[in-house]
Amino acid sequence: MQPIKDAAADFLSRQRIAVTGVSRHGGSHGSNAVYRRLKERGYAVYAVNPHTEQVEGDTAYPDLRSIPGGVEAVVIGTRPERAQATLEECAGLGITQVWMHRGPGSGSVSEESAEWARGHGMTVIAGGCPLMFDPTADPGHKVMRWMFSLKGNVPRTT
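Residues numbered from 1 in each chain as written. Predicted model: local features only at pLDDT ≥ 70, side-chain atom pairs only at ≥ 80, totals over all residues. Heavy atoms only, no water.

Observations concerning the environment of aspartate 138
Counting through the fold element by element, aspartate 138 comes out in the loop between strand E7 (123–126) and helix H5 (139–151). Each C-alpha atom, one on aspartate 138 and one on arginine 37, is 9.9 Å from the other, the two residues being 101 residues apart in sequence. At 2.8 Å, the side chain of aspartate 138 and the backbone nitrogen of histidine 141 are in polar contact. (Helix = DSSP H or I, 4+ residues; strand = E, 2+ residues; numbered from the N terminus. Polar contact = N/O pair within 3.5 Å; in protein donor to acceptor, adjacent residues only side chain to side chain.)

A look at the nonpolar core
Within the largest apolar cluster, 26 residues are counted, with the highest numbers of intra-cluster contacts made by Phe11, Leu38 and Phe133. Those elements giving two or more residues to this core turn out to be helix H1 (4–12), strand E1 (16–20), helix H2 (30–40), strand E2 (44–48) and strand E5 (73–76). Per-element accounting of this core gives the leading share, five residues, to H1. (Core = buried A, V, L, I, M, F, W, Y, C linked by side-chain atoms within 4.5 Å. Buried < 20%, exposed > 50% of the residue type's maximum accessible area, 1.4 Å probe, protein only.)

Digging into the pairing of E7
Two strands pair when backbone bridges link them, and strand E6 (residues 97–100) and E7 are joined in this way by four bridges, in the parallel orientation. Bridging across to E7, tryptophan 99 finds its partner in isoleucine 125. A crossover connection joins E6 to the parallel E7 through helix H4 (residues 111–119); in handedness this β-α-β unit is right-handed. (Pairing = 2+ DSSP bridges. Right-handed = clockwise from strand over helix to strand, strands pointing away.)

Structure (structure tokens):
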């Protein structure tokens, strides 16, 4: 097990990151916020949404294997029921860094799927948000990290 701060730093050291569940309608949707912030911070970030060809003015990909050149890490921002399929795709593509997004609710976390992925050699952060950690954090997300850590929505270890 790895402390969350170390796991987050390792995840955010990757430069090619896919974000699943990015909505074609944008707004304050969690995946869209993560997508935009990673892009603003200079990451090569790829939106995954099988229901549209474009989100946030960029190309959207139907799945991870469709991303040219592949990715090093994946943020899962879909319903928890979709996590297993995404993790199986990650395993097939050799992607070992995964973050299951979670804010105040249940988010995208499936503990069962996270355990499956860990058993297949993946590092899985099951909760919290990449925007809660430097270099992508802002003051509001840092406060949320503290609050959600108290509630258990941000794990202490991977």
